[in-house]
Amino acid sequence: DYVTAIRLYNQALAIDPEYKKAQLALADALLLDGKFDESRTMLDKMLVKEPDNEEVLRELGKVTVAQNDPATCLKTYTALQKNKPQDANVFNGLGVCYDLSGQHDVAQEKYQKAMTLAPDNLNVRSNYGLSLALGGKTKEAIERPKPVEGITKARESRVVYYDPTYEVPEDIKDHTGQVF
């Protein structure tokens, strides 16, 4: 429940306005609740104090993607790349930014770089396939990315069965305190 999360993080920030974890969590809750401008405003204020803060830049990158703002997205992920030149997620973010701007060939280069850094990252592989399709390379998009080594179907030894004799020591409650 994002509304409750937003309320609680605002309460925490009323007590300590400089509490960074609450600021970031509030920005994320605002993003997930579709309040992109509010989230971005909070992150921009945080960046004034710490322009190279990696967590803030990553969160701002997500907001700029949600806002369909490829120019700021590229600026944000380029700043991250300076501090994290070997981070597959940064290259994935750059790929998304280039895809947003319609530069699918450049985006695919970024995804390929990300796949060399983290070949089993399924987000990168999915984004690469989508970029190929968006760039008109439908056949390549269907053929690639190849399956990741080591990911297999469930075997008997990997199946977990529910134990109906297990007793929960106390009632499980939802966010409003209601028992399931």
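Values in this document were obtained by computation on a predicted structure and should not be read as measured data.

A.B. asks: I'd like to hear about the packing of helix α5 (residues 70–83) against helix α6 (residues 88–100), residue by residue, with values.
C.D. replies: With their axes 9 Å apart at the nearest point, α5 and α6 run at an angle of 160° to one another. Considering the angle they form, α5 stands roughly antiparallel to α6. Crossing angle aside, the handedness with which α5 passes α6 is left-handed. Contacts from Pro70, Cys73, Leu74, Tyr77, Thr78, Leu80 and Gln81 of α5 reach α6 at Asn89, Val90, Phe91, Gly93, Leu94, Cys97, Tyr98 and Leu100. Across the contact of α5 with α6, the residue classes tally to 11 nonpolar, 4 polar and no charged.

A.B. asks: Please set out unusual backbone geometry residue by residue, giving values where relevant.
C.D. replies: A positive phi angle, near 55°, is found at asparagine 68, a position not held by glycine. On the secondary structure map, asparagine 68 appears in the loop between α4 (54–66) and α5.

A.B. asks: Residue-level account of the pattern of salt bridges, with values.
C.D. replies: Counting across every chain of the model gives 10 salt bridges. As a salt-bridge pair, lysine 49 and glutamate 18 come within 2.8 Å of each other at their nearest N and O atoms. Of this pair, lysine 49 sits in helix α3 (residues 36–49) while glutamate 18 sits in the loop between α1 (2–15) and α2 (20–32), and the two are 31 residues apart along the sequence. You can call lysine 49 exposed: its relative accessible area is 56%. Residue glutamate 18 is classed as partly exposed on the basis of its relative accessible area of 47%. A salt bridge links glutamate 54 to lysine 84, with the nearest nitrogen and oxygen atoms 3.6 Å apart. One end of the pair, glutamate 54, is in helix α4; the other, lysine 84, is in the loop between α5 and α6, with 30 residues separating them in the sequence. Note on glutamate 54: relative accessible area 30%, which makes it partly exposed. Residue classification places lysine 84 among the partly exposed residues on the basis of a relative accessible area of 31%. Each of Glu54, Arg58, Lys84 and Asp87 takes part in one network of salt bridges that share partners.

A.B. asks: Give me the lowdown on α5, citing residues and values where you can.
C.D. replies: Between its first and last C-alpha, α5 extends 20 Å over 14 residues, near the 20 Å set by a 1.5 Å rise per residue. Those residues of α5 lying buried are Pro70, Cys73, Leu74, Thr76, Tyr77 and Leu80. Mapping the buried residues of α5 onto a view down its axis gives an arc of 165°, with all of them on the same face. The outward face of α5, more than 90 degrees from its buried face, is lined by the exposed residues Ala71, Lys75 and Lys82.

Analysis parameters
- Residues numbered from 1 in each chain as written.
- Predicted model: local features only at pLDDT ≥ 70, side-chain atom pairs only at ≥ 80, totals over all residues.
- Heavy atoms only, no water.
- Axes fitted to C-alpha atoms, helices over the stretch in contact; angles between N-to-C directions.
- Helix = DSSP H or I, 4+ residues; strand = E, 2+ residues; numbered from the N terminus.
- Parallel < 35°, antiparallel > 145°, perpendicular 65-115°, else oblique.
- Left-handed = near helix turned anticlockwise from the far one by under 90°.
- Contact = heavy atoms within 4.5 Å.
- Nonpolar A, V, L, I, M, F, W, Y, C, P; charged D, E, K, R; others polar.
- Salt bridge = Lys/Arg side-chain N within 4 Å of Asp/Glu carboxyl O.
- Buried < 20%, exposed > 50% of the residue type's maximum accessible area, 1.4 Å probe, protein only.
- Expected span 1.5 Å × (residues − 1).
- Arc of directions from axis to C-beta.

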